[in-house]
Amino acid sequence: MIRFYFHPTPNPAKIALFLEETGLEYEAVPVDTSKGQQHTPAFRAINPNGKVPAIVDTDGPGGKEARVFDSTAILIYLADKTGKLVGTPEDRPELLSWLLFIASGLGPFSGQAVHFQFAAPDGLDYAVNRYRREADRHYQVLDEHLKGREFIVGNSFTIADISAWGWLDRASRVRKGAEDPLAPFPELKRWFASVDARPAVARARALSKSHEWKTVNDDETKRALFPSNFPPASSQGA
């Protein structure tokens, strides 16, 4: 059994899609990050970094319970465990390359583009430009790679496609103000539409609606999501 700790954000969405694609038995455990539940001692015991997604595999290696955190690590772990969505052995080098391209580039630059366009104070034009342009550059790399290809790696749907889908599903926020955010990237748009039409995507999206999440962006939410922007409680008023 997989216990899957999630919030309706891009990185947990990847794991939800893998679980729904493979039919792996799992228990979904909501972690409301706007309430700061990711910072509780119980959750930090699962992910010391205090972020979702994370999983606990009750039947891990050697039959022992295993924790795995970070979406890319979880995708690799579950693909290796099940032997599904991992491509062929010959695909492995390129699979790892694209997974890390997404984990170290597409994902972080997309996330920062969203942050500086929606959450940061006004007037940080340099940061907005920097992250928005880098997100676009990563989109372009994928767009060029997908010419003549149905999938990112090899000839089958893999965890590389799942990983990229998680962030590209938020293209309208990454490319704020764009009426059709993927229009400048026609190959990427074609690929995304193909992935998005998979039945498992609808089931993965439904999971995010299975819990009532906090939506108010108050001081509690800001402290929970961006704790490094606030001094520790012990130092306040010092």
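None of the values given here were measured: they were computed from a predicted structure.

What counts, and at which threshold
Residues numbered from 1 in each chain as written. Predicted model: local features only at pLDDT ≥ 70, side-chain atom pairs only at ≥ 80, totals over all residues. Heavy atoms only, no water. UniProt positions renumbered as here; feature names shortened; annotations may be inferred. Helix = DSSP H or I, 4+ residues; strand = E, 2+ residues; numbered from the N terminus. Salt bridge = Lys/Arg side-chain N within 4 Å of Asp/Glu carboxyl O. Buried < 20%, exposed > 50% of the residue type's maximum accessible area, 1.4 Å probe, protein only. Polar contact = N/O pair within 3.5 Å; in protein donor to acceptor, adjacent residues only side chain to side chain. Contact = heavy atoms within 4.5 Å. 1 Å grid on protein atoms, 1.4 Å probe; cavity = no way out; pocket = protein on both sides within 12 Å on 5 of 7 lines; lining within 4 Å. Points joined across faces, edges and corners; volume = space filled by probe spheres on them. Nonpolar A, V, L, I, M, F, W, Y, C, P; charged D, E, K, R; others polar. Phe/Tyr/Trp six-rings, centres within 6.5 Å; stacked < 30°, edge-to-face > 60°. Lys NZ or Arg CZ within 6 Å of the ring centre and 35° of its normal. Expected span 1.5 Å × (residues − 1).

Trainee: I keep staring at the UniProt feature "domain: GST C-terminal" (unreviewed entry) in the protein chain and nothing clicks. Help me out?
Mentor: Feature annotation in UniProt places "domain: GST C-terminal" (unreviewed entry) on residues 88–225, given in this structure's numbering. Across residues 88–225, helical content stands at 65% and strand content at 0%; the span's end C-alpha atoms are separated by 39 Å.

Trainee: Whenever I open this one, the pattern of salt bridges confuses me. Can you help?
Mentor: Should their charged atoms come close, side chains of opposite charge can pair. According to the stated counting rule, one finds 13 salt bridges in the structure shown. Among the salt bridges present, the one from Asp-80 reaches Arg-92, with a minimum N-O distance of 3.0 Å. Placement of Asp-80 in helix 3 (residues 71–82) and of Arg-92 in helix 4 (residues 92–118) is noted, with a sequence separation of twelve residues between them. For Arg-92, a relative accessible area of 27% translates into the label partly exposed. One salt-bridge network, held together by shared partners, links Asp-169, Asp-196 and Arg-205.

Trainee: It is not clear to me how the side chain of Thr-33 should be interpreted in this structure. Could you clarify?
Mentor: On the secondary structure map, Thr-33 appears in the loop between strand 2 (26–30) and helix 2 (41–44). Within the local environment of Thr-33, its side chain forms a polar contact with the side chain of His-7, the two groups lying 3.4 Å apart. If sequence neighbours within four positions are ignored, Thr-33 has contacts with His-7, Gln-38, Val-52, Ala-224 and Leu-225.

Trainee: So what exactly am I meant to see when it comes to the UniProt feature "domain: GST N-terminal" (unreviewed entry) in the protein chain here?
Mentor: Per the UniProt record, "domain: GST N-terminal" (unreviewed entry) is found at residues 1–86. Overall, residues 1–86 shows 34% helix and 21% strand. The separation of its end C-alpha atoms is 20 Å.

Trainee: I keep staring at the side chain of His-7 and nothing clicks. Help me out?
Mentor: Considering the arrangement of structural elements, one finds His-7 in the loop between strand 1 (2–6) and helix 1 (10–22). The exposure class of His-7 is buried, given its relative accessible area of 10%. In contact with His-7, not counting residues within four places along its chain, are Pro-12, Val-31, Asp-32, Thr-33, Val-52 and Trp-213.

Trainee: In this structure, what is going on with unusual backbone geometry? I would like to understand it.
Mentor: Most peptide bonds take the trans configuration, and most residues that are not glycine carry a negative phi. Of note, the amide linkage connecting Val-52 to Pro-53 takes the cis form, showing an omega dihedral of 10°. Looking at where Pro-53 falls in the secondary structure, it is placed in the loop between helix 2 and strand 3 (54–57). Here Leu-85, not a glycine, exhibits a phi torsion of approximately 60°, which is positive. Positionally, Leu-85 belongs in the loop between helix 3 and helix 4.

Trainee: Can you help me understand the layout of surface pockets in this one?
Mentor: Rolling a probe over the atoms, with the probe sized like a water molecule, indicates the empty space that remains. For the second largest pocket, the calculated volume is near 210 Å³. Around the second largest pocket, the lining is made up of 17 residues, and of these Pro-8, Ala-13, Arg-170, Arg-205 and Ser-208 lie nearest the centre. For the lining of the second largest pocket, the secondary-structure elements that each account for two or more residues are strand 1, helix 1, helix 6 (159–168) and helix 9 (199–208). A breakdown of the residues in the lining of the second largest pocket according to their chemical character gives ten nonpolar, four polar and three charged.

Trainee: Please explain the packing of aromatic side chains as it appears in this structure.
Mentor: Centre distance and the angle of the planes are the two values used to describe a pair of aromatic rings. Under the defined criterion, the tally for this structure stands at eight aromatic pairs. Aromatic side chains Phe-4 and Tyr-26 sit 6.3 Å apart centroid to centroid with 70° between the ring planes, which places their arrangement in the edge-to-face category. On the criterion of sequence distance, the pair formed by Phe-4 in strand 1 and Tyr-26 in strand 2 is long-range, its members being 22 residues apart. In this structure, Lys-176 is placed above the aromatic ring of Phe-118, and the distance from its NZ or CZ to the ring centre is 5.0 Å.

Trainee: Would you take a moment to explain helix 3 for this structure?
Mentor: Since there are 3.6 residues in each turn of an α-helix, residues three or four apart along the chain are aligned in direction. Given a rise of 1.5 Å per residue, twelve residues ought to cover 16 Å, and the 16 Å separating the end C-alpha atoms of helix 3 matches this to within 8%. Turning to helix 3, its buried residues number three or more, namely Ser-71, Thr-72, Ile-74, Leu-75, Tyr-77, Leu-78 and Ala-79. Tucked into the core, helix 3 has its buried residues touching strand 1, helix 1, strand 3, strand 4 (66–69), helix 4 and helix 6. N-cap assignment for helix 3: the residue whose side-chain oxygen lies 3.0 Å from the backbone N of Thr-72 is Asp-70. Just past helix 3, the residue Gly-83 takes up positive phi, approximately 75°.

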